[in-house]
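Spelled out from the first residue to the last, the chains are:
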Amino acid sequence: MSYCKQEGKDRIIFVTKEDHEAPSNAELIADDPNDPYEDQGLILPSGEINWNCPCLGGMASGPCGTQFKEAFSCFHYSNEEVKGSECIDNFRAMQECMQKYPELYPQEDENEGADAAAPPLVDSTAPVPTEDSSPASVPSSNSTPSPPTPESAPSSDKTPPTDSQAAS
């Protein structure tokens, strides 16, 4: 005999072996394509903007949510040759609002991002030649490496090193 037990917010259902053997009579409800809380992506099947999409990162609900929605909607529904060109005032209003809340919408310094990603101009680990030192022979980038000479080749475990290998 199956029975239910309530423990706080949880409902525990105990069933018998016979209950498990019987076919289920549960009916599944079809998904509602217009459910705004369903994971539909940014654009709903109807073509409308899904303001609940996590991809918007909460922009639609913050203190500048109204300005964001106006600017984003204008761009989304734009039919201009240069898409969104008529939305400049909307984006300007959104930017002005965001500047009022720098703790919520921090501005990224254009130079900071470029400096962090740029490779160093000088390799600080490379040796710097001095005037009195002779230049080392450096193979050019278009030459193929030459095979090792018997003196520079590493020895196998079975042969003893030569005098020049032992010196290096």
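The structure we're discussing is the one just above.
None of these values were measured; they are calculated from a predicted model. (Residues numbered from 1 in each chain as written. Predicted model: local features only at pLDDT ≥ 70, side-chain atom pairs only at ≥ 80, totals over all residues. Heavy atoms only, no water.)

A. Geometry of the pairing of strand β2 (residues 10–14). With five bridges connecting them, strand β1 (residues 3–7) and β2 associate as antiparallel partners. Directly across from Gln 6, in β2, lies its bridge partner Arg 11. In this antiparallel pair of consecutive strands, β1 and β2, the connection spans two residues, and Gly 8 shows a positive phi of 65°. (Pairing = 2+ DSSP bridges. Helix = DSSP H or I, 4+ residues; strand = E, 2+ residues; numbered from the N terminus.)

B. Seen up close, the environment of Gln 40. Turning to its location among the elements, Gln 40 is positioned in the loop between α1 (17–21) and α2 (65–76). Placed 13 residues apart in sequence, Gln 40 and Cys 53 show a C-alpha to C-alpha distance of 7.6 Å.

C. Seen up close, the nonpolar core. Among the nonpolar cores identified, the biggest contains nine residues, and these are Leu 56, Ala 60, Cys 64, Phe 68, Ala 71, Met 94, Cys 97, Met 98 and Tyr 105. Contributions of two or more residues to this core are made by α2 and α3 (88–99). Look past the residues within four positions of Ala 71 in its chain and what remains in contact with it is Asn 90, Phe 91 and Met 94. (Core = buried A, V, L, I, M, F, W, Y, C linked by side-chain atoms within 4.5 Å. Buried < 20%, exposed > 50% of the residue type's maximum accessible area, 1.4 Å probe, protein only. Contact = heavy atoms within 4.5 Å.)

D. Examining the pattern of salt bridges more closely. Inspection of the entire model under this criterion finds three salt bridges. Taking the shortest distance from any N to any O, the salt bridge between Glu 7 and Lys 5 comes out at 3.2 Å. By relative accessible area, Lys 5 is classed as partly exposed at 38%. (Salt bridge = Lys/Arg side-chain N within 4 Å of Asp/Glu carboxyl O.)

E. Molecular detail of α2. Taking 1.5 Å as the rise per residue, α2 with 12 residues should run 16 Å; its terminal C-alpha atoms sit 16 Å apart, in good agreement. Where α2 is concerned, the buried positions are Gly 65, Phe 68, Ala 71 and Cys 74. On its buried face, α2 is in contact with α3. (Expected span 1.5 Å × (residues − 1).)

F. How the structure looks around the packing of aromatic side chains. Applying the stated criterion across every chain yields a total of three aromatic pairs. Taking 6.3 Å as the distance between ring centres and 75° as the angle between the ring planes, the aromatic pair formed by Trp 51 and Phe 68 counts as edge-to-face. On the criterion of sequence distance, the pair formed by Trp 51 in the loop between α1 and α2 and Phe 68 in helix α2 is long-range, its members being 17 residues apart. Aromatic side chains Trp 51 and Phe 72 sit 6.0 Å apart centroid to centroid with 70° between the ring planes, which places their arrangement in the edge-to-face category. On the criterion of sequence distance, the pair formed by Trp 51 in the loop between α1 and α2 and Phe 72 in helix α2 is long-range, its members being 21 residues apart. Residue classification places Trp 51 among the partly exposed positions, given a relative accessible area of 26%. Among the aromatic residues, those joined into a cluster by ring pairs are Trp 51, Phe 68 and Phe 72. (Phe/Tyr/Trp six-rings, centres within 6.5 Å; stacked < 30°, edge-to-face > 60°.)

G. Quick look at the state of the cysteines. Taken as a whole and assessed by the stated rule, the structure comprises three disulfides. For Cys 53, the disulfide goes to Cys 55, at an S-S distance of 2.4 Å. For the disulfide bridge between Cys 53 and Cys 55, the dihedral angle about the S-S bond is near 130°, and by the sign convention the bridge is right-handed. Overall, the relative accessible area of 52% leaves Cys 55 in the exposed class. Between the sulfur of Cys 74 and that of Cys 87 lies a disulfide, 2.0 Å long from S to S. (Disulfide = S-S within 2.5 Å.)

H. Structural view of the packing of α2 against α3. Packing of α2 against α3 leaves a shortest axis separation of 8 Å and a crossing angle of 155°. With respect to each other, α2 and α3 are oriented roughly antiparallel. You can see that α2 and α3 cross each other, and the crossing is left-handed. Touching Gln 67, Phe 68, Glu 70, Ala 71, Cys 74 and Phe 75 of α2 are Asn 90, Phe 91, Ala 93, Met 94 and Cys 97, all from α3. Tallied by class, residues from the contact of α2 with α3 come to eight nonpolar, two polar and one charged. (Axes fitted to C-alpha atoms, helices over the stretch in contact; angles between N-to-C directions. Parallel < 35°, antiparallel > 145°, perpendicular 65-115°, else oblique. Left-handed = near helix turned anticlockwise from the far one by under 90°. Nonpolar A, V, L, I, M, F, W, Y, C, P; charged D, E, K, R; others polar.)

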